[in-house]
Amino acid sequence: MKKFFASLFLVLICGFATAQTQVTGVVVDTDSSEPINEVRVLIKGTTLGDLTDASGSFAISDPELPLGEQVLVVSKTGYITQQLPITIQSGQTVNIDRILMEIDLTEVEAQIGIISLSDNQLDDESSSAYNISGLLQASNDVFLNAAAFDFSATFFRPRGYDNANGKVLINGIEMNKQFNGRPQWSNWGGLNDAQRNREFTMGIKANEYQFGDLAGVNNIVMRASQYRQGGRVSYAMANRSYAGRVMGSYNSGVNQNGWAYSILLSRRFGDEGYIHGTLYDANSFFASVEKKINDNHSLNFSALYTPNRRGRSAPLTQEIRDLKGIRYNPNWGDLNGERRNSREREIEEPVIMLNHYWNIGENTTLNTNVAYQFGKIGNTRIDNGGTRLVEFNGQEAYLGGARNPNADYYQNLPSFFLQDASPTAQDFQNAFLARQSFVNGGQLDWVALYRANEISVANGGNAIYVLQEDRTDDTQFTANTILSTQLTENITLNGSLNYRNLKSENFAEVKDLLGANGYLDVDFFAGDDSNTDIGLRAQSDLRNPNRLAGLGDRYKYNYEINADVITGFAQAQFKYNKVDFFVGANIGSTSYQRTGLFENGNYPGASSFGDSEKVNFSTYGIKGGMTYKVTGRHLIDLNGAYFTNAPSIRNTFANARQNNIVSAGIEEVKIQTADLSYIYRSPIVKGRITGFYTQVQDGSDIGFFFTENQFGATSSAFTQEVTTGIDQRHLGVEMGVEAQLTPTIKVKAAASVGQYIFTNNPNVSYYSDDFIDPNTGLPSLEPFTIGDGTAKLKNYHVAGGPERAYQIGFEYRDPDFWWVGLTTNYFSNAYVDASTLRRTDAFTQDVDGLTFNDYDPEVARGLLQQEQLDDYFLVNVVGGKSWKIGDYFVGFFATINNVLDQQYVTGGFEQSRLANYRDVLDDQNNTGGPVFGNRYFFGNGTTYYVNLYLRF
């Protein structure tokens, strides 16, 4: 019995001693002496650690706590990591009363630089200029840093993926637009200081919020409690997209009552950017309030409002570029001494969201979110189809309309007058006069538009010209719930349920009558065949015929799109000493329906008015991956997935502005992808090399253009080109490596070599109100196909920036907090977007449907050769300096892009106006150069950006 009690006493003593062996302390900010929450405190070489709470306190207690001399690692993003030697003795508490953490100014400067460099790309709404959103999170990955800083200026797309392949979330809520699948960056533009907390998951790797997509998931954390206490004011100057930006923000931190708030205001402005006539007028507001109810519940409310207005530019032909230069923009003209752009994009889409964070248990969290977004997107342009109604012998007719007023209209250019096989002296004279007029002017003549309307009104007519705004007013509700639970030390489960409902109103609005009183809402270009009543065919709305539209009225088209998306996601992650792996799956349902509010004269009745059929898509996916840790420095990473995506709203309806027709052959997109990486990490060198493969099947696309090509009995038409069953292959290697040669000097290199091609001949169908059904005398509801109904696109390259990009650079960071970096970047293998119509049988067919009798296969092969753009070098310099003055930090950041002022083309496309062998050949052989040559997007010359900031 004595031995029993002695043993029991010894066990209790040992247990008590073990329970009391712990490491505790408090972490505070060096400058403010305020406690810092969510600091990671870890015993080096172990997994034993803790996160600090709102009071900055932590406690590490574990039976396996190592004894003796140890190193305590204290780290948090934005602060300099501390490594403190401690001695742990059995049964004793090591208490470090105050651990002081200093702001890592190099990290602050890098954050400022990353977001500032991205401003130009974020604000570019041209679909050809989108780059991958996730790369704006400049992680520690060397290649991604290169892509975010330097490659993005060339519209480089990592792995050839479209922007729609990357998911952007704010507080766990997906922000990608359902219309085209792309994130609308302008909805949170100018909120730079509130967007530094980002969680980026590259590619299809494990992500706790959702299944993701090819280009990864970028979650922007905008919670009041997650911002470091303090404020910042800054002023930026640039010659890129805007001239100036002023920004101020303040974050309260979490107070003793569990409240935190954050607020930000900014303004960006400029009469024009690098491209002439591109005004910039943007304001941004962000506010967030969070209440930590108790240790288990926290509630966050956020609101974003970023109204912005931009003047838009246009792609140029080589002829226009040679005459006017790369900064030329045909969309503007002088009016009353000011530059006025006819094509402006205005976005006002506020977002409000409520987030609930629940710590269900020690290892389980549930995050529930709701968001509501509303507002408008408007794009203006000149409408030159104004008419007046007249009667001849009891028959209605419309008189009016006007020539295209665009300054770069092809009939204003020298090449137009030299398109005959043997130009006359008069042709050369006209070409010379056109050249002189274009070089000396070449801008939109606003005064002529007002004068034309004035004359029309004086003669009892209506407006000939008006400023039209194409409007999209979206109202979207989103709700989701995200669960994460750690089942064991090695196994974590993630899951989410997501629901999105969209009501999208789409219409044209009279933005400016340009001095007139009204605009007759009919289609001046309606069919002129004798079998139909033009008075009916011309109506935009048969239920309100010959309406005279006034300022602010809806006209031309008016419809709604209703969309519902439901998805579910589950994932399991396993982490062990030598290998980590995960598996994930998702399932979803997407439905779209169009509701016509106008009954279009070309498509009377249910074909345009009321509800369309409801289009449903079912999606699913599975993915998995593993990381094998060969040693602490060498890792092998493998990921793979197969999943399907619903097509976008844009591609689902053939011509939503006119009718309820659903695109023929539309279906879910199938994607299979894999990547294999070797990763090396050491104190001096780190790098990654990745091989990737992606196969996309049953993709779709829709294009709208006017063509002079023959379509049966129709000699020319404004068509909707629906391409379905598109298969693509993306194959390549990307690499990034950097070496810290000295404490102050770092060298780096990055490269991407890929091939992105079409692997089949997709199906193509055409719709137009010029394609008449002989049985009804009205436009056909069925698609028109040419030849075998396919486009010969196999082995053509997918346009979208250079397939190859290389970088070498260095960076110097002085201990006195100034730094400078330089990179040299080389780009090649970029291609223009090939015309699909030219690759159909329409290219070889004469008006009788037979092959041209003068068709030469060798010549045709040259005409159909996809243009490869020239290679080019870009040199960029970046640097900055910061000072600590009392409790304040002052600094600046500056960059010069394209130091050598290289002129280069970032992308382009073939025009489809001329699409058969004879017409294209004649145009290419034109004495004055092609009238309808390829249009190009030109990169900026030398540009600068300077940002001055004060942090307190």
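Quick note: structure is the one above.
Residues numbered from 1 in each chain as written. Predicted model: local features only at pLDDT ≥ 70, side-chain atom pairs only at ≥ 80, totals over all residues. Heavy atoms only, no water.

Mind laying out the overall build of the protein, listing which residues take part and the relevant values?
A count of helical and extended segments in the protein gives 10 helices and 49 strands. Over its C-alpha trace the protein gives a radius of gyration of 31 Å, about what one expects of a compact globule, namely 30 Å for 952 residues. The dimensions of the protein, computed from C-alpha atoms along their principal axes, are 125 × 55 × 55 Å. By residue count, 54% of the 952 residues in the protein fall in the buried class. In the protein, 71% of the contacts between residues at least 6 apart in sequence involve partners at least 24 apart. (Helix = DSSP H or I, 4+ residues; strand = E, 2+ residues; numbered from the N terminus. Rg over C-alpha atoms; globule rule 2.2 N^0.38 Å. Buried < 20%, exposed > 50% of the residue type's maximum accessible area, 1.4 Å probe, protein only. Contact = heavy atoms within 4.5 Å.)

Provide a residue-level description of the nonpolar core, including the pertinent values.
Of all hydrophobic cores here, the largest spans 31 residues; its most connected members are Tyr766, Leu837 and Phe843. Contributions of two or more residues to this core are made by strand 37 (685-707), strand 38 (717-740), strand 39 (745-758), strand 40 (763-767), helix 9 (857-863) and helix 10 (917-924). Leave out the neighbours within four places in its chain, and Leu837 touches Phe705, Thr707, Asn709, Phe711, Glu721, Tyr766, Ile786, Ala842, Ser912 and Ala915. Formed by 22 residues, the second largest nonpolar core is a distinct cluster that contains Leu513, Ala516, Ala549 and Tyr555. (Core = buried A, V, L, I, M, F, W, Y, C linked by side-chain atoms within 4.5 Å.)

Residue-level account of a nonpolar patch on the surface, with values.
Side chains of Tyr576, Phe581, Met626, Tyr628, Val630, Ile636, Leu638, Leu676, Tyr678, Ile689 and Val733 sit close together on the surface and give an oily, nonpolar patch of about 870 Å² of accessible area. For the nonpolar patch, the elements supplying multiple residues, two or more each, are strand 34 (615-629), strand 35 (634-645) and strand 36 (669-681). Tracing the chain through its elements places Ile689 in strand 37. (Patch = residues over 30% accessible without salt bridge, like charges linked within 9 Å, V, L, I, M, F, W, Y side chains within 5 Å. Areas by Shrake-Rupley, 256 points an atom, 1.4 Å probe, with all protein chains shown as cover. Salt bridge = Lys/Arg side-chain N within 4 Å of Asp/Glu carboxyl O.)

Can you tell me about the packing of aromatic side chains, naming the residues and giving the values?
The full count for this structure, using the stated rule, is 34 aromatic pairs. Seen from their ring centres, Phe416 and Phe417 are 5.2 Å apart, and the 80 degrees between their planes marks the pair as edge-to-face. Assessed through its relative accessible area of 23%, Phe416 is described here as partly exposed. The exposure class of Phe417 is partly exposed, given its relative accessible area of 23%. Between the aromatic rings of Phe771 and Phe784, the centroid separation amounts to 5.2 Å while the plane-to-plane angle is 45 degrees, which identifies the pairing as tilted. Of the two residues, Phe771 sits in the loop between strand 40 and strand 41 (772-773) while Phe784 sits in the loop between strand 42 (778-779) and strand 43 (804-813), which places them 13 residues apart along the sequence. Since its relative accessible area comes to 8%, Phe771 is described here as buried. Following the ring pairs from residue to residue traces out a cluster consisting of Phe143, Phe151, Phe156, Phe827, Tyr872 and Tyr904. For the cation-ring pair, Arg223 lies above Tyr357, with the distance from its terminal atom to the ring centre recorded as 3.6 Å. (Phe/Tyr/Trp six-rings, centres within 6.5 Å; stacked < 30°, edge-to-face > 60°. Lys NZ or Arg CZ within 6 Å of the ring centre and 35° of its normal.)

Before we move on, could you go through the sheet that holds strand 18 (residues 316-317) and cite the residues and values that matter?
Two pairing modes exist for strands in a sheet, parallel and antiparallel, and in both the strands are linked by backbone hydrogen bonds. Spatially, 3 strands are ordered 18-48-47 in an open sheet, and the strand pairing comes out antiparallel. Edge positions in the sheet fall to strand 18 and strand 47 (905-909), since each of these pairs with one other strand and no more. Bridge count between strand 18 and strand 48 (residues 935-938): 2 bridges; the pairing is antiparallel. In the sheet register, Leu316 faces strand 48, and the bridge partner there is Tyr936. (Pairing = 2+ DSSP bridges.)

Summarise the sheet that holds strand 10 (residues 198-201); cite the residues concerned and give the values.
Across the sheet, 4 strands lie side by side as 9-8-11-10; this open sheet has mixed pairing. The sheet terminates laterally at strand 9 (173-174) and strand 10, the two strands that pair on one side only. Relative to strand 11 (residues 217-220), strand 8 (residues 167-170) is paired through 4 bridges, and the arrangement is parallel. Bridge pairing in strand 11 places Lys167 opposite Val217.

Tell me about the pairing of strand 8, and please be specific about residues and values.
Residues Lys167 and Leu169 of strand 8 are buried on one face, and the alternating residues Val168 and Ile170, pointing to the opposite face, are buried as well. Bridge count for strand 8 against strand 9 is 2 bridges, and the pairing is antiparallel. Bridge pairing links Ile170 to Ile173 in strand 9. With antiparallel pairing between neighbouring strands as the criterion, strand 8 and strand 9 make up a hairpin whose turn holds 2 residues, including Asn171 at a positive phi of roughly 50 degrees.

Break down the pattern of salt bridges for me, with residues and values.
On inspection of all chains with the given rule, the structure shows 48 salt bridges. For Asp521, the salt bridge is made with Arg547, and the minimal N-O distance between the two is 2.2 Å. Here Asp521 is found in the loop between strand 29 (519-520) and helix 7 (534-537), whereas its partner Arg547 is found in the loop between helix 7 and strand 30 (548-549), with 26 residues between them in sequence. Neither residue differs from the other here; Asp521 and Arg547 are each classed as buried. Among the salt bridges present, the one from Glu599 reaches Arg543, with a minimum N-O distance of 2.9 Å.

Describe helix 6 (residues 446-458), with residues and values.
Since the α-helix advances by 3.6 residues per turn, residues separated by three or four positions end up pointing in the same direction. Here helix 6 contains 13 residues, and its C-alpha end-to-end distance of 19 Å stays within 8% of the 18 Å for a straight helix at 1.5 Å per residue. What helix 6 keeps buried is the set Trp446, Leu449, Asn453 and Ser456. For helix 6, the arc enclosing every buried residue in end-on projection is 95 degrees, short of the 170-degree limit, so these residues lie on one face. Across from the buried face of helix 6, at angles greater than 90 degrees, the exposed residues are Glu454 and Ala458. Where helix 6 is buried, its residues meet strand 19 (332-335), strand 20 (338-341), strand 24 (376-383) and strand 27 (466-486). Its side-chain oxygen placed 3.3 Å from the backbone nitrogen of Val447, Asp445 serves as the N-cap of helix 6. Where helix 6 terminates, the next one or two residues include Gly460, which has phi positive at roughly 80 degrees. (Expected span 1.5 Å × (residues − 1). Arc of directions from axis to C-beta. Polar contact = N/O pair within 3.5 Å; in protein donor to acceptor, adjacent residues only side chain to side chain.)

If you had to explain the environment of Asn763 to someone new, which residues and values would you point to?
With respect to the helices and strands, Asn763 occurs in strand 40. As for Asn763 and Thr785, which are separated by 22 residues in sequence, their C-alpha atoms are 9.0 Å apart. If near-sequence neighbours (up to four positions away) are discounted, Asn763 is found in contact with Val722, Thr723, Thr724, Gly789 and Thr790.

Residue-level account of the side chain of Glu319, with values.
Along the polypeptide, Glu319 turns up in helix 4 (residues 318-324). As a buried residue without a salt bridge, Glu319 has its nearest oppositely charged side chain in Arg435, at a separation of 8.1 Å. In this structure Glu319 touches Leu413, Pro414, Ser415, Gly928 and Pro930, once residues within four positions along its chain are discounted. (Lys, Arg positive; Asp, Glu negative; His and termini not counted.)

So what's going on with the pairing of strand 25 (residues 387-392)? Residues and values would help.
Two elements, strand 25 and strand 26 (residues 395-400), share 6 bridges in a ladder whose sense is antiparallel. Within strand 26, the residue paired with Leu389 across the bridge is Tyr398. Here strand 25 hands over to strand 26 after 2 residues, with Asn393 in that stretch at a positive phi of 55 degrees.

Now, about the environment of Gly880: what can you tell me, with residues and values included?
When you line up the elements, Gly880 lands in strand 45 (residues 872-885). By relative accessible area, which is 6% here, Gly880 ends up buried. Between the C-alpha atom of Gly880 and that of Trp819, which follows or precedes it by 61 residues, the distance is 5.5 Å. Here Gly880 is in contact with Phe817, Trp818, Trp819, Phe892 and Phe893, once residues within four sequence places are set aside.

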